[in-house]
Amino acid sequence: MSVSTAAAEQAVCSPLPVLGRDVTVPLVTGGEVTYAALDYAASAPALQRVWDDVAAYAPYYGSVHRGAGYLSQLSTDLFENARRTVAEFLDCRGDDQVVFTRSTTDSLNLLAATLPAGCQVFVFETEHHASLLPWKDAQVTYLNAPRTPQEAVTALERALAARDPHGPALVCVTGASNVTGELWPVRELAAAAHAHGARIVLDAAQLAPHQPVSVRDLDVDWVAFSGHKLYAPFGSGVLAGRADWLREAEPYLAGGGASRKVTRRVDGGVDVEWHESAARHEAGSPNVIGAYSIASACKALTEAGFDTLVAREEQLIGAVRAGLAEVPEVRVLSLFGDDAPRVGVISFVVEGWNSSHFAAALSAEYGIGVRDGLFCAHPLVRTLLGSDPQTQGECGAPEAAPGEKSLNAIRVSFGAGTPDEHVERFVRAVKELVRDGAKWNYRTEDGRCVPAV
């Protein structure tokens, strides 16, 4: 093997440095083990690069857009440069706006607040609640879960063809499922939306950390994502895309920063002239560290190269799926089938196990952090589990005791910072738990399954 070939293979196999990679946790059976963080779909660990960049900036922190001093000017430049970095990361169009928000949920609620009067919204039941629920002031059409990508496109085309063609319309779709990890046909759905006079917003919360997202190539009107899933966990998010609806709507929040000019009227009231830029929806002192951390993560992922990151993640996906396939009691949840392209998010159930019990044993006995529940995508998980879509449930674990049937699943998720050993330990743990059972007793406490003390 040549040196260059060996170096290339090493690049594919090396995880990016993240915080917490050396953290140890206690096991109920005794001793400690390095924590295996396999819940990236909820919150990914911060990249060491992001942490270092933020730490280097922190002594120079100052008010943004509000001060004449050096630190304020520095912070303002950093904040606006972060906006440009995100626009480049998303391959935005020249006239698109990048608005910094708190999260994907905040971004989509912001967009919902800007919808023109009479707007019709089309959304699949498979969406995360952040995409499913914000449209309360619009006429919403909820589409059933498709079983193939083409079925998704066909269902959307059929629904759009039946709509009132004279009013505004918006389609909201995920790029990658937070339950199954499966990639959605975003480009085809965008083409269908535009062919019927509708716009489309992409929920890229689970897509952007794993694969490149190009607003131009996908031809979406808006894209939303969260920093805490992009290795920048500082309570910030992004809504990027077309400016007209954002510019024409009342500010999402009223206050300083959003207002360009405020004057008193003779009658004692006030008149307000709002900004037309992204600042219109960024009232208050902005989260400059959050914005900077997102920009740092965008740079780090771009420099690492998505080709390398995707290739390595596909190796991890293959290892997890192959390992789970060797356990007959495990059923992996899927909409589009085993051959569907996906990111590092896999949900499953284990025959004879309460999902909360299984997840608790993974944590307490093996030091592995996964998630169990309905993953804030209740209709989708219930559809995949074959239960009544209207069955009551909570976002976390239900109140079923260990050993009892539960209406939830287990999710393992990983990404650019996941070492091979974490995946190997997870697969081994699943096999041992199914074969030998838990080594410890567990009980239900506040709706969670925990080790009995």
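Refer to the structure presented above.
Residues numbered from 1 in each chain as written. Predicted model: local features only at pLDDT ≥ 70, side-chain atom pairs only at ≥ 80, totals over all residues. Heavy atoms only, no water.

*Asks:* What's the story with the pattern of salt bridges in this structure? I'm lost.
*Replies:* Close approach of charged atoms allows side chains with opposite charge to pair. By the definition in use, this model includes 22 salt bridges. A salt bridge links Arg-83 to Glu-282; the nearest nitrogen and oxygen atoms lie 2.9 Å apart. Of this pair, Arg-83 sits in helix H3 (residues 70-89) while Glu-282 is found in the loop between strand E12 (270-274) and helix H10 (288-304), placing the two residues 199 residues apart along the sequence. Grouping residues by exposure puts Arg-83 and Glu-282 together as buried. (Salt bridge = Lys/Arg side-chain N within 4 Å of Asp/Glu carboxyl O. Helix = DSSP H or I, 4+ residues; strand = E, 2+ residues; numbered from the N terminus. Buried < 20%, exposed > 50% of the residue type's maximum accessible area, 1.4 Å probe, protein only.)

*Asks:* Looking at this model, I keep getting lost on unusual backbone geometry. Mind explaining?
*Replies:* Most peptide bonds adopt trans geometry, and most residues besides glycine take a negative phi value. One non-glycine residue, Asp-219, lies in positive phi territory at about 60 degrees. Along the chain, the position of Asp-219 falls in the loop between helix H8 (215-218) and strand E9 (222-226). Residue Asp-219 is classed as partly exposed on the basis of its relative accessible area of 35%.

*Asks:* I keep staring at H10 and nothing clicks. Help me out?
*Replies:* Within an α-helix, residues lying three or four positions from one another point in the same direction, as the helix has 3.6 residues per turn. Compared with the 24 Å implied by 1.5 Å per residue over 17 residues, the 24 Å span of H10 between its first and last C-alpha is a close match. Among the 17 residues of H10, 12 are classified as buried, and the element is accordingly described as predominantly covered. Along H10, the residues classified as buried are Val-288, Gly-290, Ala-291, Tyr-292, Ser-293, Ile-294, Ala-295, Ser-296, Ala-297, Cys-298, Ala-300 and Leu-301. Of the surrounding elements, those touching the buried residues of H10 are helix H2 (48-57), H3, strand E4 (97-101), E9, strand E10 (237-241) and helix H11 (306-325). In the segment just after H10, Gly-305 is the residue with positive phi, at about 90 degrees. (Expected span 1.5 Å × (residues − 1). Contact = heavy atoms within 4.5 Å.)

*Asks:* When you look at the pairing of strand E11 (residues 259-264) in this model, what are you seeing that I'm missing?
*Replies:* On a regular strand, one side chain projects to one face of the sheet and the next to the other, so that they alternate. Two elements, E11 and E12, share 5 bridges in a ladder whose sense is antiparallel. Residue pairing for E12: Ser-259 is matched across the bridge by Trp-274. Hairpin connection of E11 to E12: 5 residues between the antiparallel strands, including Gly-268 at a positive phi of 100 degrees. (Pairing = 2+ DSSP bridges.)

*Asks:* What am I meant to see in the environment of Ala-325 here?
*Replies:* The topology assignment puts Ala-325 in helix H11. In this structure, the C-alpha to C-alpha distance between Ala-325 and Ala-193, residues 132 residues apart in sequence, is 37 Å.

*Asks:* Can you walk me through empty space enclosed by the protein in this structure?
*Replies:* If a probe as big as a water molecule is rolled over the atoms, it shows which places are left empty. The final tally for this structure, using the stated rule, is 3 cavities of 30 Å³ or more. Roughly 50 Å³ of internal volume is contained in the largest cavity. Residue lining of the largest cavity: 13 residues in total, with Tyr-40, Ala-41, Gln-206, His-210 and Lys-229 positioned closest to the centre. Partitioning the lining of the largest cavity into residue classes produces 8 nonpolar, 4 polar and 1 charged. (1 Å grid on protein atoms, 1.4 Å probe; cavity = no way out; pocket = protein on both sides within 12 Å on 5 of 7 lines; lining within 4 Å. Points joined across faces, edges and corners; volume = space filled by probe spheres on them. Nonpolar A, V, L, I, M, F, W, Y, C, P; charged D, E, K, R; others polar.)

*Asks:* I tried to follow the sheet that holds strand E8 (residues 199-203) on my own but got confused; where do I start?
*Replies:* Within a sheet, each strand pairs with its neighbour through backbone hydrogen bonds, oriented either parallel or antiparallel. Taken in spatial order, the 7 strands make up an open sheet running E4-E10-E9-E8-E7-E5-E6, and their pairing is mixed. Looking at the sheet topology across the chains shown, the edges are occupied by E4 and strand E6 (139-143). Strand-to-strand twist in this sheet, taken as the mean axis angle between neighbours without regard to direction, amounts to 20 degrees. The pairing of E4 with E10 spans 5 bridges and is classified as antiparallel. (Axes fitted to C-alpha atoms, helices over the stretch in contact; angles between N-to-C directions.)

*Asks:* What exactly am I supposed to notice about the packing of aromatic side chains here?
*Replies:* The geometry of an aromatic ring pair is captured by two quantities: the separation of the ring centres and the angle between the planes. Applying the stated criterion across every chain, the model contains 11 aromatic pairs. Here Tyr-57 and Tyr-292 contribute two aromatic rings whose centre-to-centre distance is 5.7 Å and whose plane-to-plane angle is 70 degrees, an arrangement assigned as edge-to-face. Remark: Tyr-292 occurs in helix H10 and Tyr-57 occurs in helix H2; sequence separation between them is 235 residues. Like Tyr-57, the residue Tyr-292 is buried in the burial classification. Ring centres 5.3 Å apart and planes at 50 degrees place the aromatic pair Phe-79 and Phe-100 in the tilted group. Pair noted here: Phe-79 is in helix H3 and Phe-100 is in strand E4, with a separation of 21 residues, a long-range link. The two residues Phe-79 and Phe-100 agree in class, both being buried. Ring pairs connect the aromatic residues Phe-348, Trp-353, Phe-358 and Phe-426, which therefore count as one cluster. (Phe/Tyr/Trp six-rings, centres within 6.5 Å; stacked < 30°, edge-to-face > 60°.)

*Asks:* Is there a simple way to think about the sheet that holds strand E16 (residues 371-373) in this case?
*Replies:* Strands sit in the order E13-E14-E17-E16 across an open sheet of 4 strands; the sheet is antiparallel. Of all strands in the sheet, those with a lone pairing partner are strand E13 (330-332) and E16, marking the two edges. Across the sheet, the mean angle from the axis of one strand to that of its neighbour is 30 degrees, orientation sign disregarded. Two elements, E13 and strand E14 (residues 345-350), share 3 bridges in a ladder whose sense is antiparallel. Across the sheet, Arg-331 pairs through a bridge with Val-349, a residue of E14.

*Asks:* What should I look at first to understand the packing of H3 against H10 in this one?
*Replies:* Helix-helix packing is described using two parameters, namely the angle between the two axes and the distance between the axes. Between H3 and H10, whose axes approach to 8 Å, the crossing angle comes to 40 degrees. Judged by the angle between their axes, H3 and H10 are oblique. Considering the relative orientation of H3 and H10, their crossing is left-handed. The residues of H10 that touch H3, namely those facing Ser-75, Leu-78, Phe-79, Ala-82, Thr-85, Val-86 and Phe-89, are Val-288, Ala-291, Tyr-292, Ile-294, Ala-295, Cys-298, Lys-299, Leu-301 and Thr-302. Here the residues of the contact of H3 with H10 sort into 12 nonpolar, 3 polar and 1 charged. (Parallel < 35°, antiparallel > 145°, perpendicular 65-115°, else oblique. Left-handed = near helix turned anticlockwise from the far one by under 90°.)

Functional significance is not addressed by these values, which are geometric in nature.
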